[in-house]
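One-letter residues, chain by chain:
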Amino acid sequence: MIIIYIDQNTIITASVILAAVISIFTVIFAAYRWYLRQGQQHVDIEKMKEEQCLLTYGVLACLKGLQEQGCNGPVTEAANKIEKHLNQQAHE
């Protein structure tokens, strides 16, 4: 028959080990959650870029329509700037 004595030092040691294990798993879990958020942010950013591109093309189409109706000045300047920006983005 084996007799095991549980004294204060045994309880303290066990609680320290348990706290260390919990701390390690907490850090690992936090890092994993951060990694998952980064992946989701990447997906969200790509969707936003696609939406922004569509909106830019829509604004450019509106400006082109205004140019066809005879509006000049700021309309032409804005259309040229948008076209220049789109060309620069296409080559990057």
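What you are looking at is a predicted structure, and each value in this text was computed from that prediction instead of being measured. (Residues numbered from 1 in each chain as written. Predicted model: local features only at pLDDT ≥ 70, side-chain atom pairs only at ≥ 80, totals over all residues. Heavy atoms only, no water.)

**Re the nonpolar core**
Then, number 1: One finds L60, L63, V75, A79, I82 and L86 forming the largest nonpolar core, which totals six residues.
Then, number 2: Elements that contribute at least two residues to this core include exactly α1 (8-68) and α2 (74-90).
Then, number 3: No other element matches α2, which puts four residues into this core.
Then, number 4: Beyond its immediate sequence surroundings of up to four residues, A79 is in contact with L60, L63 and Q67. (Core = buried A, V, L, I, M, F, W, Y, C linked by side-chain atoms within 4.5 Å. Buried < 20%, exposed > 50% of the residue type's maximum accessible area, 1.4 Å probe, protein only. Helix = DSSP H or I, 4+ residues; strand = E, 2+ residues; numbered from the N terminus. Contact = heavy atoms within 4.5 Å.)

**Looking at the pattern of salt bridges**
Then, number 1: One pass over the structure, following the stated rule, counts two salt bridges.
Then, number 2: A salt bridge links E83 to K64, with the nearest nitrogen and oxygen atoms 2.5 Å apart. Of the two residues, E83 sits in helix α2 while K64 sits in helix α1, which places them 19 residues apart along the sequence.
Then, number 3: Relative accessible area serves as the criterion here: at 27%, E83 is assigned to the partly exposed category.
Then, number 4: Its salt-bridge partner being K81, residue E77 comes within 3.5 Å of it at the nearest N-O pair. One end of the pair, E77, and the other, K81, are both in helix α2, four residues apart, so they sit about a helical turn from each other.
Then, number 5: The class for E77 is partly exposed, based on a relative accessible area of 46%.
Then, number 6: A relative accessible area of 54% means that K81 is categorised as exposed. (Salt bridge = Lys/Arg side-chain N within 4 Å of Asp/Glu carboxyl O.)

**A few points about a nonpolar patch on the surface**
Then, number 1: Together, I17, V21, I24, F25 and I28 line one region of the surface with nonpolar side chains, adding up to about 500 Å² of accessible area.
Then, number 2: The exposure class of V21 is partly exposed, given its relative accessible area of 38%. (Patch = residues over 30% accessible without salt bridge, like charges linked within 9 Å, V, L, I, M, F, W, Y side chains within 5 Å. Areas by Shrake-Rupley, 256 points an atom, 1.4 Å probe, with all protein chains shown as cover.)

**Looking at the state of the cysteines**
Then, number 1: Tallied over the entire structure, the rule returns zero disulfides.
Then, number 2: For C53, which is in no disulfide, the shortest distance to another cysteine sulfur is to C62 and amounts to 15 Å.
Then, number 3: Its relative accessible area of 32% is what places C53 among the partly exposed residues. (Disulfide = S-S within 2.5 Å.)

Limitation: the analysis is restricted to geometry and does not speak to function.
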